[in-house]
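Each chain, letter by letter, is given below.
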Amino acid sequence: MINETIYNELMQKYKDHFGFQPEVVSYAPGRIEVLGNHTDYNEGYVFSAAINFGTFFAARKAEGGTCRLVAGDLMKEVSFDAGSIEASDSDGWQNYVKGTLAGLAENGTVDCGFDGMFLGNIPLGSGLSSSAALEMSTGLALAKLYGITVDPVALAKIGQKAEHDYAGCNCGLLDQISSLAGESGKLVKTDFRTVEFEPVAIGDDVCFLMCNTLSKHALVDGAYNKLRVACEQCAEHFGKVLTHPVKSLRDVSMAEWAIYKQDLPERVASCGAHPIGEDERVLLGAELLEKGDLEGFGGLMFDSHESSRVLFGNSCEELDFVVATAKKIPGALGARLSGGGFGGSAVVLVNPRDAETVAAALESAFSSKYGHPCEVSVITPSQGAHLVS
Ligand code: GLA
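Residues numbered from 1 in each chain as written. Predicted model: local features only at pLDDT ≥ 70, side-chain atom pairs only at ≥ 80, totals over all residues. Heavy atoms only, no water.

*Asks:* Is there a simple way to think about the site of the ligand in this case?
*Replies:* Residues in close proximity to the ligand include R31, E33, N37, H38, D40, Y41, C171, G172, D175, Y224, G339 and G340, which together make up its full environment. Considering the ligand on its own, with 300 Å² of exposed area, one finds that the protein chains cover 98% of that surface. Partitioned by chemical class, the residues of the shell around the ligand number three nonpolar, five polar and four charged. (Near = heavy atom within 4 Å. Areas by Shrake-Rupley, 256 points an atom, 1.4 Å probe, with all protein chains shown as cover. Nonpolar A, V, L, I, M, F, W, Y, C, P; charged D, E, K, R; others polar.)

Next up, the structure:
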């Protein structure tokens, strides 16, 4: 179900700004990461969901090679040439669109510019992947506009490349896949070795609270990339000491880690333990969900956060506070940081009937401690990206 208010606002703004209607409109949601942190680029497993917040992208072909792109919330326009796309230092949002267009052009012919505008309701920098939603909405709309055929995994990879080459974050494929593969009322379970995903029903007794701590979400400042390098160093070590093939940390068990971690620098060893443990938790979580054991699943979310906090070092004081507070609130079944870390949001598993009381308790505790409430949004797993018209 699309948010008609935002869709109508975009249509109106588009017409007022460009003087005509768009030819195509697409929609792509943000995502929450429910279990499996920093496992995607280690070829492991993740439970995630597309969310009920997203971005619309409206576009029409333009004569000549110029692309005019408007951020509909700011009503700010930038322009660039479709034939010579370069990353820009200002107005960072344009880089996600530029990178996606560049990726599409490698899969087909971009023979002219476009007039495009995007508008959405994902809080920026909150860890809900507004950038992936922009890439995937751009990708669907412009692929349709230029008649370029790309399957979902190829489109996700185009978005990922835009992040790497145009935004400087060496992310995995989680955000893009979740935005594309989401289904209403279902989690997405993805195996990032094969990039195969499946919907997993979680029942009606589940929703999530996303608690934005409003603390800095510093993925492009290099912290994320450093963790990725540490994981790769760790995998390389295990490739040398284990007798079976190790392509990535996915191939290492916790038991093997415990025996063979000694020769690694302490920080590299502890970083590696996090995705290894997360993979084991996702697989166990799948079994618990099948049995309908939401409390058990929530417990794994708490464990996941502890692993981020202690082993991986990608949490922060505010996120730790939200998770520790959630642990004490009846009705909060599980909580953990969601996404890259270093700030942003914690995701809390609740029964919809408890959502309001748990949200109020979290806001008030956060407010007493930090002088302002955390921003809590109720998240329901929702349909993934699609063309609207
Ligand atoms: C960010 C990245 C994803 C993934 C998560 C952590 O959201 O974009 O690729 O690595 O962090 O799991």
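*Asks:* Please explain the pattern of salt bridges as it appears in this structure.
*Replies:* Where side chains of opposite charge bring their charged atoms close, a pairing between them can arise. By the definition in use, this model includes 18 salt bridges. Of the charged contacts in the structure, one is a salt bridge between R193 and E43, with a shortest N-O distance of 2.7 Å. Here the residue R193 occupies a position in the loop between β6 (186–191) and β7 (196–201), and E43 occupies one in the loop between β1 (24–35) and β2 (45–62), the gap between them amounting to 150 residues. Given a relative accessible area of 30%, R193 falls into the partly exposed group. (Salt bridge = Lys/Arg side-chain N within 4 Å of Asp/Glu carboxyl O. Helix = DSSP H or I, 4+ residues; strand = E, 2+ residues; numbered from the N terminus. Buried < 20%, exposed > 50% of the residue type's maximum accessible area, 1.4 Å probe, protein only.)

*Asks:* What exactly am I supposed to notice about the packing of aromatic side chains here?
*Replies:* Both the distance between ring centres and the angle between the ring planes are used here to describe each pair of aromatic rings. All told, the structure shown has 13 aromatic pairs when counted by the stated rule. Measuring from centroid to centroid gives 5.6 Å for F47 and F297, while their planes differ by 75°, and the two rings are edge-to-face. Taken together, the residues F47 in strand β2 and F297 in helix α9 (residues 294–312) connect sequence positions 250 residues apart. On the basis of relative accessible area, F47 is assigned to the buried category, the value being 0%. An aromatic cluster is present here, built from Y7, Y27 and F56 joined pairwise through their rings. (Phe/Tyr/Trp six-rings, centres within 6.5 Å; stacked < 30°, edge-to-face > 60°.)

*Asks:* How do you make sense of the side chain of N42 when you look at a structure like this?
*Replies:* Position of N42 among the secondary structure elements: in the loop between β1 and β2. Judged by relative accessible area, which is 3%, N42 ranks as buried.

*Asks:* Mind showing me how you'd approach the domain arrangement of the protein here?
*Replies:* Many structure descriptions define interface size as the accessible area lost when the parts assemble. Each assigned domain of the protein is listed here: domain 1 (4–30 + 50–187 + 383–387) and domain 2 (207–379). Taking the mean C-alpha position of each, domain 1 and domain 2 sit 29 Å from one another. The interface of domain 1 with domain 2 comprises 16 residues on the first partner and 17 residues on the second. Interface of domain 1 and domain 2: buried area, both sides summed, is about 1200 Å²; carbon and sulfur atoms make up 59% of it. The interface formed by domain 1 and domain 2 includes zero salt bridges. Where domain 1 packs against domain 2, one counts seven residue pairs in polar contact (both at pLDDT 80 or more). Of all elements in the fold, only β2 and α4 (152–167) reach the threshold of two or more residues within the side of domain 1 that touches domain 2. (Domains from an automatic or database assignment. Contact = heavy atoms within 4.5 Å. Buried area = accessible area lost by both parts, 1.4 Å probe. Polar contact = N/O pair within 3.5 Å; in protein donor to acceptor, adjacent residues only side chain to side chain.)

*Asks:* Mind showing me how you'd approach the environment of K247 here?
*Replies:* Take K247: it is sitting in the loop between α6 (223–241) and α7 (254–260). Classification of K247 as exposed rests on a relative accessible area of 62%. Considered as a pair, K247 and N42 are 205 residues apart in the sequence and their alpha carbons are 8.9 Å apart. Contact partners of K247, with chain neighbours within four places excluded, come to E43 and R193. One polar contact links K247 to E43, side chain to side chain, over a distance of 2.7 Å.

*Asks:* Would you mind going over the sheet that holds strand β10 (residues 345–350) with me for this structure?
*Replies:* Two pairing modes exist for strands in a sheet, parallel and antiparallel, and in both the strands are linked by backbone hydrogen bonds. Reading across the sheet, the four strands line up as β9-β10-β8-β11 and stay open at both edges, with antiparallel pairing between neighbours. In this open sheet, the two strands that pair with only one neighbour each are β9 (332–337) and β11 (375–379). Here the average twist between neighbouring strands, direction ignored, is 20°. Pairing of β9 with β10 involves five bridges; the strand directions are antiparallel. Looking at the pairing, A335 lines up with V348 of β10. Where helix α11 (residues 355–370) meets the sheet, it contacts β8 (207–212), β9, β10 and β11, and its direction lies at approximately 15° from that of β8. (Pairing = 2+ DSSP bridges. Axes fitted to C-alpha atoms, helices over the stretch in contact; angles between N-to-C directions.)

*Asks:* Please explain the environment of S367 as it appears in this structure.
*Replies:* Mapped onto the fold, S367 is located in helix α11. You can call S367 partly exposed: its relative accessible area is 28%. Excluding residues that lie within four positions of it along the chain, S367 makes contacts with H372 and P373.

*Asks:* Sorry, what's going on with the packing of helix α3 (residues 130–146) against helix α5 (residues 174–181) here?
*Replies:* How two helices sit against one another is set out by the angle between their axes and by the gap between those axes. It is at 9 Å that the axes of α3 and α5 come closest, and there the two elements cross at 60°. By the angle between their axes, α3 is oblique relative to α5. Classified by chirality, the crossing of α5 by α3 is right-handed. When α3 is examined against α5, the residues A132, A133, E135 and M136 are found in contact with a partner set consisting of D175, Q176, S179 and L180. Partitioned by chemical class, the residues of the contact of α3 with α5 number four nonpolar, two polar and two charged. (Parallel < 35°, antiparallel > 145°, perpendicular 65-115°, else oblique. Left-handed = near helix turned anticlockwise from the far one by under 90°.)

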